[in-house]
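Residues per chain are reported as follows:
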Amino acid sequence: MQKPFLPDKFLSRSKELLGNDYNAFLEASLSKPPKCVRVNTLRVSVSEVKSELSEAGIELAEVPFCSHAFFCDTSKRLGSLLWHALGHYYLQDASSLVPVLCLEPRPNERQLDLAASPGGKATHICQLMHDKGILVAIDSNHERIPALRYNLSRLGVTCCATGIGFAESFDPGMQFDKILLDAPCSTDSLIRQRLDCLKGWSPELVEQKSVLQKKMILNAFSHLKPKGILVYSTCTSAPEENEEVVSHLLENAPDAKIERSEIKGLKSRKGIFGWRRRLFDSRVADCLRILPQDNNTEGFFVAKIRKG
Amino acid sequence: MEFKLLAESESERIISHFESRYSVPREFFSEKSFLRNKNFVWLCDSSCLELLESKWEKNSIGLLFLLDEKAFKPTTSGIRFLGNKISANVLELNEEEARQFLFARKFLVEKQRLEKIDSTGYIAVKFRGFVLGSAWAEKEKLSIHPNVSRTKVQDFFEKPRTN
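Residues numbered from 1 in each chain as written. Chains lettered and ligands numbered in written order. Predicted model: local features only at pLDDT ≥ 70, side-chain atom pairs only at ≥ 80, totals over all residues. Heavy atoms only, no water.

Observations regarding helix H8 (residues 203-222) of chain A
All names here are of chain A.
No. 1: Taking 1.5 Å of rise per residue, 20 residues should cover 28 Å, and H8 covers 29 Å from first to last C-alpha, within 8% of that figure.
No. 2: Listed in full, the buried residues belonging to H8 are Val206, Ser210, Gln213, Lys214, Met216, Ile217, Asn219, Ala220 and Phe221.
No. 3: Here the buried face of H8 lies against helix H1 (8-18), strand E8 (176-182), strand E9 (224-234), helix H9 (243-252), strand E10 (256-259) and strand E15 (300-307). (Helix = DSSP H or I, 4+ residues; strand = E, 2+ residues; numbered from the N terminus. Expected span 1.5 Å × (residues − 1). Buried < 20%, exposed > 50% of the residue type's maximum accessible area, 1.4 Å probe, protein only. Contact = heavy atoms within 4.5 Å.)

Next comes the structure, spelled out in structure tokens:
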């Protein structure tokens, strides 16, 4: 098996950040995660997909924290089966189910996804909305919009509008019940799937992303209705891009309150208060940190923030 | 792209067409609305209509539904969206036909199988109970012309299945 590219600076930083969990983190990071199939219940039932994949010789094991998602250990190309083309399921890492489960989308709500392409989370949101209501899904990169539109079409979604927009400055001209900001990040938690994901990684990149993410989270929060919920997530373990960004929001928005998400079956850790002489708001302890070894997924960070 | 709500009479014409040709219950469209963008017709949840007033530029609202409004030429995503609500002018394909269809190749069918089709025009095609897309069916020539982009589903057809 090919090994991922792991810069020395990243390894020493991870050791410092994770302490006793470092070895387990490294071991998990060097293994391939199982594939995850999310059943598109807008189109078919869980039992139909189980039967379709079983017929193709693919056995599914329930993802403990999501009733409509399944792990499958297979070398088969699930993306080129007919049932995939017909929108019966979506392939994603199981950890990326978590931000949407924290958001708890409901039918007839107004929702905003500020970094939506290729649409894994956007289509999941629409599924949990039963395709009723509004999801505004934007992405800053026009080259990524076709993938988003393709997936929305493939899964049969009618409640979503797409467009190009920058999360740090997008002005939709309306307020939302729920907003997902799955922020562009240094992506160091994707090592298990993309062996070269750390090729462009550097401590400077982490700082640059952090600066932008702080602008994004403030803009996102400004478009929430009172009592509305913002979920901020990243696929990096860097505290500068996680707790520091959430802490920045808490400092600048007195009506922002963090809520601890309890997702049955999900193993997670608390947010950390400080990192390398920087102290964060103590309320960031209620954020979720997920390491690769916790649920046999990629790593993830998720914060659920309520307005007022 | 500018999206405009179709006039009530235009929406009614589309709903009536799908009701008469495919027996789709009109109630299926009760919480949906039709929008026009250039010559295309989009189908969206009616809640999305409030987005028409917002100023940011939209690439899409809902699902691209008709490529040609006058000919009622459905998109693949549009006809799949209707799915099992379709009960008329629908042809169930065998595995070889489904392969031809998904490769966007024309194929012929036996006369008796086209007898259930009202007239030459667009029909829905199904495989194992699921709508694959639409096709232009010519009754006299017994020919089916797929209205679909070539789809990469080789693994499904080329690898042996367990049963």
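Next comes the rest of the account.
What to know about H1(A)
All names here are of chain A.
No. 1: Phe10, Leu11, Arg13, Ser14 and Leu18 are the residues of H1 that are buried. One face of H1 carries all of its buried residues, which in axial projection span an arc of 165 degrees. When the buried face of H1 is taken as reference, the exposed residues oriented beyond 90 degrees from it are Asp8, Lys9 and Lys15.
No. 2: The secondary structure elements touched by the buried residues of H1 are helix H2 (22-29), H8 and strand E12 (274-275).
No. 3: Positive phi shows up at Gly19, right after H1, with a value of about 55 degrees. (Arc of directions from axis to C-beta.)

Here we look at the nonpolar core
All names here are of chain A.
No. 1: Core analysis: the biggest nonpolar cluster contains 51 residues, and Phe10, Val63, Phe65, Leu97 and Val98 have the highest contact counts within it.
No. 2: The dominant element in this core, judged by the number of residues it contributes, is helix H5 (residues 98-103), at five residues.
No. 3: Setting aside residues up to four positions removed in sequence, Val98 forms contacts with Phe65, Ile263, Leu266, Leu288, Ile290 and Val302. (Core = buried A, V, L, I, M, F, W, Y, C linked by side-chain atoms within 4.5 Å.)

In short, shape yes, function no, at least from these values alone.
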